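# Tertiary structure, described
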Amino acid sequence: VSDVNQEMTWKGLVKKAQVIGAELSKKVQPGNPIPVLLEKSSETLAVMLGIVYAGCFYVPVNPMNPAERLRKIMEKLEPEVIISDEKGKEQLAAVGIGLEEKVIGPETLLPTTGTDLSEEQRSKLEQIQGQWKETDALYGIFTSGSTGTPKAIVVSHGAVSRFVRHFTEIFEITSEDVIGNQAPFDFDVSVKDIYSAITTGATLVLVPKRLFSLPPRLLDYLCDKKVTVMVWAVSALCLISSLKGLKYKIPEDARIIMFSGEVMPVKQMRLWQQALPQTKFINLYGPSEITCNCTWYPVER
């Protein structure tokens, strides 16, 4: 797992997540939602998986949310704890209903030296895992909600494992792939990136948000990381092609590019196909409620 600050093996990430899970299990009851109000990073991913090890389910909350939306989300969740940093704590304090008192910083869940579990911690995690069922919740996400009220969708372990098994088989994702994650963690598109990588051992590259306002820097990053799989929003792809980014540099390692959520303008599609004639382009469709996608269409022309 790679972000701008560090690289971590999956084994290292899992060890960190298990320690977080063991510490969290002292503070929360299994089966409860734990909101994660943090910027996207490999540390945030370790926190999310740590929540799962604690027998709970994670709810990524974008720090860009306005105070009123934060209030509605937290009122719906009624969380025992919220995992956030000092910046997030200030945001929650501004909501004005005492949420900041529930905040735990991710650093407080990790020991200062090493990430090896004690016997007591290992025993606790085994006890929690022994009670896992595939119908248990894995994550929750809040959609915009057509009524303007944030709507919570909860997805189970079994739904994700079955979906991702099909997804990785159909699109032949393997440990050799490098998945370039564009979507924020509070969008279900990121579920495909995260769990395809976990399932196959592929490298997961978390593309920083700030690069999407700098197409040349973004293309440099994709090329440097040798990204092979892109599951991106149409608007993110169009940002590159419409600003003539593909004339500057072509991400030639990309063997498959998938997009969904919006109509792909034909003109932009042609620019991408001209730049990458050997790349497969796949139009996906599906609502968050059914775990990401239910249909796919290879765009030949």
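This text follows the structure it describes.
Residues numbered from 1 in each chain as written. Predicted model: local features only at pLDDT ≥ 70, side-chain atom pairs only at ≥ 80, totals over all residues. Heavy atoms only, no water.

## Let's talk about helix α3 (residues 67-77)
Where we set the bar: In this scheme, a residue with accessible area under 20% of its type's maximum is buried, one over 50% is exposed, and one in between is partly exposed, where area comes from a 1.4 Å probe on protein chains only. Only DSSP runs of H or I covering at least 4 residues are called helices, and only runs of E covering at least 2 are called strands; the numbering of each starts at the N terminus. In this context, the arc is that of the directions from the helix axis out to the C-beta atoms. The contact definition used throughout considers only heavy atoms, calling two residues in contact when any of these lie within 4.5 Å.
Along α3, the positions that sit buried rather than exposed are R69, L70, I73, M74 and L77. Angularly, the buried residues of α3 cover 130 degrees about the axis, an arc narrow enough to put them on a single face. Its buried side turned inward, α3 meets β1 (33-37), β2 (57-60), β3 (82-84), α4 (86-95) and β5 (137-143). After α3 finishes, the residue E78 shows a positive phi value of roughly 45 degrees.

## Concerning a negative patch on the surface
For the record, the criterion: Residues enter patches when they are more than 30% accessible in relative terms and free of salt bridges; like-charged ones are connected within 9 Å and nonpolar ones (Val, Leu, Ile, Met, Phe, Trp, Tyr) within 5 Å. Residue exposure ignores everything except the shown protein chains as possible cover, and the areas themselves are Shrake-Rupley values with a 1.4 Å probe. For this analysis, a salt bridge means a side-chain nitrogen from Lys or Arg found within 4 Å of a carboxyl oxygen belonging to Asp or Glu. Positive charges come from Lys and Arg alone, negative charges from Asp and Glu alone, with His and the N- and C-terminal ends not counted. A charged residue contributes its charge at one atom only: NZ of Lys, CZ of Arg, CG of Asp or CD of Glu.
Residues D85, E86, E90 and E107 make up a contiguous surface patch of negative charge. Relative to the helices and strands, E90 resides in helix α4. A relative accessible area of 58% means that E90 is categorised as exposed.

## Considerations on the sheet that holds strand β12 (residues 295-298)
Operational definition: Between any two strands, at least two bridges found by DSSP are needed for them to pair. For helices, the fitted line uses only the C-alpha atoms of the stretch in contact; every axis is such a line through C-alpha atoms, and the angle between N-to-C directions lies from 0 to 180 degrees.
Here six strands make up an open sheet; going across it, the order is β8-β7-β9-β10-β11-β12 and the pairing mixed. The open sheet has two free edges, formed respectively by β8 (203-206) and β12, since each of these has just one partner strand. Shown here is a sheet whose adjacent strand axes are inclined to one another by a mean of 20 degrees, direction ignored. In terms of strand pairing, strand β9 (residues 229-233) meets strand β10 (residues 256-260) through five bridges, oriented parallel. Each bridged residue has a counterpart across the sheet, and for M230 the counterpart in β10 is I257. Most of the contacts of helix α7 (residues 189-200) go to strand β7 (residues 178-181), to which it runs at about 155 degrees, and overall it touches β7, β8, β9, β10 and β11 (280-285).

## So, the side chain of S41
Selection rule: Here a polar contact is taken to be a pair of N or O atoms separated by no more than 3.5 Å, where protein atoms must pair a possible hydrogen donor with a possible acceptor and residues adjacent in sequence count only if both atoms sit in side chains.
Topologically, S41 is positioned in the loop between β1 and α2 (42-53). Overall, S41 belongs to the buried group, its relative accessible area being 15%. Of the polar contacts made by the side chain of S41, one reaches the backbone nitrogen of E43; its length is 3.3 Å. A polar atom in the side chain of S41 sits 3.1 Å from the backbone nitrogen of T44. Beyond its immediate chain neighbours, meaning those up to four positions away, S41 contacts D3, F185 and L206.

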